[in-house]
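# What the coordinates show
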Amino acid sequence: TISRGSLKPRNVKFNKTPHDYELNLGRDAEVEFCGEDKKIKHQLFDFKPINAIQDMPVETYVDIIGVVQSIEPISEIISSRTKKEHKKRVIRLCDTSNAGIDLTLWNEKAVEFDEKVLPTGAILAAKGLRVGDFSGRSLSSGFTSAFQINPELPEATKLHQWYQTTQGQGVTSLSASGGGGRGPSRRITIGDIQELRQNLDETKAEYFDLKATLIFCRKYEFDRPPWYEACPSDSCNKKVMQVDEGQYRCEKCDKIYPGRSLRYILSMMVADEDGHQWVTAFNTEAEAILGKTAEQLNEYVMNGDEESFNRTLQEPNLKEFVFGCRAKIDMNNEEQQIRVNLTKATPMDPLQEAKTLLDKIAKYDDL
């Protein structure tokens, strides 16, 4: 029960709900918990399909439900206005409208929603996201934004079934590349990657999808496995140094932890009809490819089981995937090279691939 509050017309500058009035609680207000009432819904959503956001005015607030396609590591920026440091994390979501969009989470939400909480394929329901036009269309969270992960909603069930069938292939992103955004998920071949060089530099990246066969993972030895000892903090993941038995120091966090996590950096050769390319898979993508965490693979190392170690790294050889890729110029021995990192790794689905090809053919029929 709530008493001693005041009812006023809503302040449209801060209250983005569709209601005409709002309840303000001052210091004299009283709020008393009187038990759960299952007839009252915890949260009401007015979901809009992602492809509809393209035509929404900037500064509109919207509710969406989407599948997590990829999630970027947390980063930090300095506000040019306040000179304060802010944490941010970009998540790419997609839905049954075959559209995707970048959602930027800020500060506490950026720390809370990491890849453990929001793995690829998780369903995220979000309320009160602000529509922006930076590098295409994008979404960002605010103070009043609310989130539910894998909610028990009919929309979530439908979305999960769609993603299980399609794996998000053929989705077009509304968020363009550059400035921290993502480009449309266009499908290219390995032969096209070198042509991207003119659009790249050390600060600008290109995003694309690549259907390719994983030829082999780089040969790794027991004493140089494809992972590193990382900070166990969900908001960090930087490399740590062992300072004592069971004690690890993170320079970024300036803390000593009683443990560490293991995170993949896996190099592999992929190929298609146009050529071959070295790519790097980080933790989430490497787990999807190998089917095991770095901690699980480390058990083989600890037990001296070289056969199981090598078998795990060879298991995905000659399998086809649809890779989400991020290409960027990297300097190596004063020579510019294109470095390709994976943002997604999905086993190729023949049925969905056939549908994608039919859609392309249909576009030519319309000419």
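These figures come from a predicted structure and were not determined experimentally. (Residues numbered from 1 in each chain as written. Predicted model: local features only at pLDDT ≥ 70, side-chain atom pairs only at ≥ 80, totals over all residues. Heavy atoms only, no water.)

## A word on the overall build of the chain
Counting its regular elements, the chain contains seven helices and 22 strands. Considering the chain as a whole, with its 367 residues, one finds that 42% of them fall into the buried category. Within the chain, contacts between residues at least 6 apart in sequence are counted, and of these 61% link residues at least 24 apart. (Helix = DSSP H or I, 4+ residues; strand = E, 2+ residues; numbered from the N terminus. Buried < 20%, exposed > 50% of the residue type's maximum accessible area, 1.4 Å probe, protein only. Contact = heavy atoms within 4.5 Å.)

## Some details on the packing of aromatic side chains
With the rule as written, the count across this model stands at eight aromatic pairs. Here F216 and W278 contribute two aromatic rings whose centre-to-centre distance is 5.7 Å and whose plane-to-plane angle is 80°, an arrangement assigned as edge-to-face. You can see F216 sitting in strand β14 (residues 205-217) and its partner W278 sitting in strand β20 (residues 275-282), a full 62 residues away along the chain. Ring centres 6.4 Å apart and planes at 75° place the aromatic pair W227 and F309 in the edge-to-face group. Here W227 is found in strand β15 (residues 227-230), whereas its partner F309 is found in helix α6 (residues 306-314), with 82 residues between them in sequence. In this structure F309 comes out as buried when scored by relative accessible area, which is 0%. (Phe/Tyr/Trp six-rings, centres within 6.5 Å; stacked < 30°, edge-to-face > 60°.)

## Some words on helix α2 (residues 154-166)
The periodicity of an α-helix, 3.6 residues per turn, causes residues three or four positions apart to be oriented the same way. Over its 13 residues, α2 extends 19 Å from the first C-alpha to the last, a length consistent with the 18 Å expected when each residue adds 1.5 Å. Listed in full, the buried residues belonging to α2 are A156, L159, W162, Y163 and T166. Down the axis of α2, the buried set is contained in an arc of 125°. They therefore lie on one face. Those residues of α2 that are exposed and angled more than 90 degrees off the buried face are P154 and K158. (Expected span 1.5 Å × (residues − 1). Arc of directions from axis to C-beta.)

## Some details on the environment of E285
Take E285: it is sitting in helix α4 (residues 283-290). As for E285 and Y264, which are separated by 21 residues in sequence, their C-alpha atoms are 8.8 Å apart. Here E285 is in contact with L342, T343, K344 and A345, once residues within four sequence places are set aside.

## Details of the pairing of strand β16 (residues 241-244)
As defined by bridge partners, β16 adjoins strand β17 (residues 247-250) across three bridges and the pair is classed as antiparallel. By the bridge assignment for β17, M241 is matched with R249. Where β16 folds back onto β17 in an antiparallel hairpin, the turn is made up of two residues, including G246, whose phi is positive at roughly 75°. (Pairing = 2+ DSSP bridges.)

## Looking at the sheet that holds β17
In sheet architecture, strand pairing relies on hydrogen bonds along the backbone and comes in two forms, parallel and antiparallel. Across the sheet, three strands lie side by side as β16-β17-β18; this open sheet has antiparallel pairing. Each edge of the sheet is formed by a strand with only one pairing partner; in this case those strands are β16 and β18 (255-257). The sheet shows a mean angle of 40° between the axes of neighbouring strands, taken without regard to direction. By the bridge criterion, three bridges tie β17 to β18 in an arrangement that is antiparallel. Bridge assignment links C250 to a residue of β18, and that residue is K255. (Axes fitted to C-alpha atoms, helices over the stretch in contact; angles between N-to-C directions.)

## Structural notes on the packing of helix α5 (residues 294-302) against α6
Contact pair α5 / α6: the axes reach a minimum separation of 8 Å and the direction vectors enclose 145°. Between α5, through L297, Y300 and V301, and α6, the contact on the second element is made entirely by S308, F309, T312 and L313. For the contact of α5 with α6, the class distribution of residues is five nonpolar, two polar and no charged. (Nonpolar A, V, L, I, M, F, W, Y, C, P; charged D, E, K, R; others polar.)

## As for the nonpolar core
With 36 residues, the main nonpolar core has L266, M268, I289 and F323 as its most contacted residues. The contacts of F323, once residues within four sequence positions are left out, are F208, D209, L210, A212, V270, I289, L342, K344 and A345. With 25 residues, the next largest nonpolar core counts I53, I71, L124 and A126 among its residues. (Core = buried A, V, L, I, M, F, W, Y, C linked by side-chain atoms within 4.5 Å.)

## Things to note about the side chain of E353
Residue placement: E353 occurs in helix α7 (residues 350-365). By relative accessible area, which is 8% here, E353 ends up buried. Among the polar contacts listed, one links the side chain of E353 to the side chain of R187, at a separation of 3.1 Å. (Polar contact = N/O pair within 3.5 Å; in protein donor to acceptor, adjacent residues only side chain to side chain.)

## So, unusual backbone geometry
Positive phi, close to 55°, is recorded for D254, a residue that is not glycine. Among the structural elements, D254 can be located in the loop between β17 and β18. Backbone geometry places L318, a non-glycine residue, at a positive phi of 65°. With respect to the element layout, L318 can be found in the loop between α6 and β21 (319-332).

## Section: the confidence of the model for the chain
Taken residue by residue, the chain gives an average pLDDT of 84. The fraction at 70 or more is 87%. Contacts from residues 177-184, a stretch scored under 50 in pLDDT, to residues over four places away or in other chains number 31 contacts. (pLDDT = per-residue confidence, 0-100.)

## Here's the deal with α6
Listed as buried for α6 are S308, F309, N310, T312 and L313. Tucked inside the fold, the buried residues of α6 contact β14, β15, β19 (261-272), α4 and α5.

## Observations regarding the pattern of salt bridges
With the rule as written, the count across this model stands at 16 salt bridges. In this structure, R92 and D102 form a salt bridge, with 3.7 Å as the shortest nitrogen-oxygen distance. Within this pair, whereas R92 is found in strand β7 (residues 85-94), its partner D102 is found in strand β8 (residues 99-106), the two being separated by 10 residues in sequence. Measuring nitrogen to oxygen at the nearest pair gives 3.6 Å for the salt bridge that ties K211 to E320. Within this pair, whereas K211 is found in strand β14, its partner E320 is found in strand β21, the two being separated by 109 residues in sequence. Residue K211 is classed as partly exposed on the basis of its relative accessible area of 25%. Taken together, the shared-partner salt bridges in this structure form one network comprising E229, R260 and E295. (Salt bridge = Lys/Arg side-chain N within 4 Å of Asp/Glu carboxyl O.)

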